[in-house]
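Structural overview for review
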Amino acid sequence: MAAAEAQQGDLLKMTHRENWKVQHEKLHIKHGGHEAMHAEMVLILIATLVVAQIVLVQWKQRHCRSYNLVTLVQMWVVPLYFTIKLYWWRFLSTWGMFSVITSYVIFRATRKPLSGRTPRMVYKWFLLIYKLSYAVGIVGYLAIMFTMFGFNVFFRIKAEDSMDVGVIMLFYGLYYGVMGRDFAEICSDYMASTIGYYNVGGMPSRSLRDDICAVCGQKIFVDVDEEGIIEDTYQLSCNHIFHEFCIRGWCIVGKKQTCPYCNEKVDLKRMMNNPWERTHMLYGQLLDWLRYLVAWQPIIIGIVHGINFSLGLE
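Residues numbered from 1 in each chain as written. Predicted model: local features only at pLDDT ≥ 70, side-chain atom pairs only at ≥ 80, totals over all residues. Heavy atoms only, no water.

Under an unreviewed UniProt entry, the protein has the name RING-type domain-containing protein and belongs to Aldrovandia affinis. Its UniProt record gives the protein a comment under Subcellular location (unreviewed entry), which states: "Membrane". (UniProt positions renumbered as here; feature names shortened; annotations may be inferred.)

What follows is the structure in structure tokens.
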């Protein structure tokens, strides 16, 4: 009993790194001699990952709408579960604010009849989320690089603290970037069907006047004595003209690579004249990868644990 208390006291005196090293050595001793079982568990993990990837790809190709909806729900719920379980109240507060405002935006986007100002409000919100998440993610990445190269020493910042800040900011940026893009796509679908310029077959269901933007439904060119939105315009390859802010929100934020009126394919590379904006496409691919990591990886790991438990490999 006294020996156990003494050992506990020694552990309390150790630093976090020394304590982790002792626990790691104990774990290594505990699992020593089980190499064959570990190899079998690794094979089960690899096989499950391969099968899961095939199933997910096939599901996405055959039933893209249901796949995206289920993935979005999991992206929204899974982090909430771990947040409550691990008492991450900072993330819970930002998650709550994002959920409340986004819920209101989605409510406005799904109303019928659609208000003329709703599309711009929707795109403004999701473009703001997109830019903020992009900036926060970049700052988090720079903080990680800052720590890895040892620059934190010059500012007397502990490596653990600066690395924690970098990782947290990178996760925040990527997570809310994914959520913002997915919710923007849902709003884009609802607004496109409400505005009603094209149907499922891709043909316009009603005529679009030359002076009306098909995204927001307001006049493109406003006279001096008229009320309206004064903004630069952009013409697509199909010759339809839109407010620049509207069409960029439609294509970049809402991930719609088609004309809002005639459903013709839009070349995003042609739209992005600024070379800095091309990085947004790479960032979007990174968000797609994180979506898989957050939404499906915990489920796959849970399946692996279930298989191991049923085979007595725990």
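Glancing now at a nonpolar patch on the surface. Together, Met148, Phe149, Phe151, Phe154, Phe155 and Ile157 give the surface a local cluster of nonpolar side chains, amounting to about 750 Å² of exposed area. By secondary structure assignment, the location of Phe151 is in the loop between helix 6 (118-148) and helix 7 (159-195). The class of Phe151 is partly exposed, set by a relative accessible area of 40%. (Patch = residues over 30% accessible without salt bridge, like charges linked within 9 Å, V, L, I, M, F, W, Y side chains within 5 Å. Areas by Shrake-Rupley, 256 points an atom, 1.4 Å probe, with all protein chains shown as cover. Salt bridge = Lys/Arg side-chain N within 4 Å of Asp/Glu carboxyl O. Helix = DSSP H or I, 4+ residues; strand = E, 2+ residues; numbered from the N terminus. Buried < 20%, exposed > 50% of the residue type's maximum accessible area, 1.4 Å probe, protein only.)

Within this structure, the stated rule accounts for 20 aromatic pairs. Between Phe146 and Phe155, the aromatic rings sit 5.7 Å apart at their centres with planes inclined by 40°, giving tilted as the arrangement. On the basis of relative accessible area, Phe155 is assigned to the exposed category, the value being 58%. Note on Phe171 and Tyr175: the rings are 5.7 Å apart at their centroids and 15° apart in plane angle, and the pair reads as stacked. Of this pair, Phe171 and Tyr175 both sit in helix 7, four residues apart, which is roughly one turn of that helix. A relative accessible area of 30% places Phe171 in the partly exposed class. The rings of Phe91, Phe98, Phe171, Tyr172, Tyr175, Tyr176 and Phe183 are connected pair by pair, giving a single aromatic cluster. (Phe/Tyr/Trp six-rings, centres within 6.5 Å; stacked < 30°, edge-to-face > 60°.)

Quick look at the environment of Phe242 now. Looking at the element boundaries, Phe242 is found in strand 2 (residues 241-243). Residue classification places Phe242 among the buried positions, given a relative accessible area of 0%. As for Phe242 and Cys213, which are separated by 29 residues in sequence, their C-alpha atoms are 4.9 Å apart. Not counting the four nearest positions on each side in its chain, Phe242 is found in contact with Cys213, Ala214, Val215, Ile220, Asp232, Thr233, Tyr234, Leu236, Ile247, Cys259 and Pro260. (Contact = heavy atoms within 4.5 Å.)

At their nearest, the axes of helix 5 (residues 89-109) and helix 6 sit 9 Å apart, and the two run at 155° to each other. The angle between the axes of helix 5 and helix 6 places the two elements in the roughly antiparallel class. Considering how the two elements wind past one another, helix 5 and helix 6 form a crossing that is left-handed. Here Phe98, Ile101, Thr102, Val105, Arg108 and Ala109 of helix 5 come into contact with helix 6, specifically with Thr118, Met121, Val122, Trp125, Phe126 and Ile129. (Axes fitted to C-alpha atoms, helices over the stretch in contact; angles between N-to-C directions. Parallel < 35°, antiparallel > 145°, perpendicular 65-115°, else oblique. Left-handed = near helix turned anticlockwise from the far one by under 90°.)

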